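# A structural walkthrough
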Amino acid sequence: MDTTIDLPEGSAAKALDLSNIRFQLIRLEDTITFHLIERVQFPLNATIYKAGGVRVPYSTLSLFDWFLREQEHLHSLIRRYQSPDEYPFFPDVLQKPILQPINYPRVLHPNEININDKIKDLYIHTILPAACAHSEREERGEKKENFGSSVTCDVPTLQALSRRIHFGKYVAEAKFRSETERFVKLIKAKDVKGLDDAITDTKVENKVLDRLALKAKTYGTDPDIAQIDPGKINDIVIPLTKEVEIAYLLQRLDGTEWDEKEAERVDDKSGPYVAHVGVP
Ligand SMILES: C=C(O[C@@H]1C=C(C(=O)O)C=C[C@H]1O)C(=O)O
């Protein structure tokens, strides 16, 4: 019996349709905004992000890291991290899923790009302090009864940030396929500035900023809750998404017909030639 599950016809094309990708980015922005609005009801509670800040039996992790790691352990059992757009913060904790594997179409060039450590650091040390500033200002200080509520809101917020930022790989692949010759030249020249110019769409970025400002204003209506400053979120989310796009593009030619190193390997008759499968 076939033990894997196929996705509907056309899933690959849909995954690389730029308008569909941008629709997914909007949904992820909504998710981030809503979870962050829930989070900022509570004080920053800096203690929960510090190893040893809260005693966790049999663990030296911070309460937040421990809770996130436990969530990833559980979610891996229902194959969350076999999805090509999900990136774990603790890859070592992943288990073999109890569900059958899904045959995801391979649309991305094989890569190991994962900037979750950077995302988590910016979330804890930049996004949260700004978003929870109101609670510090009113000297609400740390409320131990909010520790659990805080991490319960943090995890989905951080996971949505990670998905949104790593979605940059799909954006980059879609752009690469629509202007292959242009990107091949920039990648071969390792022209990072040229790649940044090529992937940047200021009109789309401004739409993201306007949309987020409206959502934060509309949904973060509780006067006691800081109006989340969307600019602060986007000072991080958009640049990190573009960082992932550029990192993905810089390795896009590895092991493909455009890869000079590959050509040397093929020409090198000294050892066995290992065919590198590049996504056409
Ligand atoms: C994601 C894209 O690539 C870039 C990053 C954007 C973002 O992170 O919101 C928006 C436009 C582009 O500058 C895109 O073109 O949609």
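The numbering scheme is per chain: residues are counted from 1 as the chain's sequence reads. At least 70 in pLDDT is required for a residue's local features to be given in this predicted model, at least 80 for side-chain atom pairs to be given and counted, and no such filter applies to totals for whole chains, interfaces and linings, which use all residues. The side-chain figures draw on all heavy atoms in the structure; neither hydrogens nor water molecules are used.

If you look the protein up in an unreviewed UniProt entry, it shows as Chorismate mutase from Aulographum hederae CBS 113979. UniProt positions are given in the numbering used here, feature names are shortened, and annotations may be inferred rather than shown by experiment. Taken verbatim from the UniProt record of the protein, the Catalytic activity (unreviewed entry) comment is "chorismate = prephenate".

## Concerning a nonpolar patch on the surface
Taken together, the side chains of Ile78, Ile98 and Leu99 make up a nonpolar region of the molecular surface, amounting to roughly 300 Å² of accessible area. The helix count covers DSSP runs of H or I at least four residues long, the strand count covers runs of E at least two residues long, and both are numbered beginning at the N terminus. If you trace the backbone, Ile98 turns up in the loop between helix H3 (63–76) and strand E2 (102–103). The class of Ile98 is exposed, set by a relative accessible area of 67%. In this scheme, patches are assembled from residues that exceed 30% relative accessible area and form no salt bridge. Like charges are connected within 9 Å, while nonpolar side chains (Val, Leu, Ile, Met, Phe, Trp, Tyr) are connected within 5 Å. Surface accessibility in these figures is a Shrake-Rupley result with a 1.4 Å probe; residues are shielded only by whichever protein chains are displayed. Basic side-chain nitrogens of Lys or Arg form a salt bridge, by our definition, when they fall within 4 Å of a carboxyl oxygen of Asp or Glu. Between buried and exposed lies partly exposed: a residue is buried under 20% and exposed over 50% of the maximum accessible area for its type, with that area taken using a 1.4 Å probe on protein chains only.

## Describing the site of the ligand
The full set close to the ligand counts 15 residues, and Arg22, Arg164, Lys175, Glu205 and Glu245 are the nearest of them. Within the complex, the protein chains bury 100% of what would otherwise be the 360 Å² of accessible surface of the ligand. Counting only elements with at least two residues in the shell around the ligand, the list comes to helix H2 (18–39), helix H7 (168–178), helix H10 (202–219) and helix H11 (230–250). Element by element, the count of residues in the shell around the ligand is highest for H11, at four residues. The cutoff for a nearby residue is simple: one of its non-hydrogen atoms must lie within 4 Å of the molecule or strand.

## As for the nonpolar core
Counting 34 residues, the largest nonpolar core has Phe64, Tyr123, Leu158 and Leu161 as the members making the most contacts within it. Among the secondary structure elements, those contributing two or more residues to this core are H2, H3, helix H4 (116–131), helix H6 (147–166) and H11. Per-element tally for this core: the top contributor is H6, with seven residues. Only heavy atoms enter the contact rule, under which two residues are in contact if any of them lie within 4.5 Å. Not counting chain neighbours up to four residues away, the residues in contact with Leu158 comprise Phe64, Leu68, Phe89, Ile119, Lys120 and Tyr123. One finds Phe167, Val171, Phe183 and Leu249 within the second-largest nonpolar core, a separate group that totals 24 residues. Throughout this description, the term nonpolar core refers to a set of buried Ala, Val, Leu, Ile, Met, Phe, Trp, Tyr and Cys residues connected via side-chain atoms within 4.5 Å.

## Points about H4
Fitting axes to the seven residues that end at a residue and to the seven that start at it, the angle between those axes gives the bend at that residue. The largest bend in H4 amounts to roughly 40° and is located at Tyr123. Of all the positions in H4, only Asn116, Ile119, Lys120, Tyr123, Ile124, Ile127, Leu128 and Ala131 are classed as buried.

## Regarding the packing of aromatic side chains
Only the six-membered ring of Trp is used, alongside the rings of Phe and Tyr, when aromatic pairs are assigned; centres must lie within 6.5 Å, and planes under 30 degrees apart are stacked while those over 60 apart are edge-to-face, with the rest tilted. Evaluated as defined, the whole model comprises three aromatic pairs. Their ring planes at 35° and their centres at 5.3 Å tell us that Phe167 and Tyr170 sit as a pair that is tilted. Side by side, Phe167 and Tyr170 carry an identical accessibility label, which is buried.

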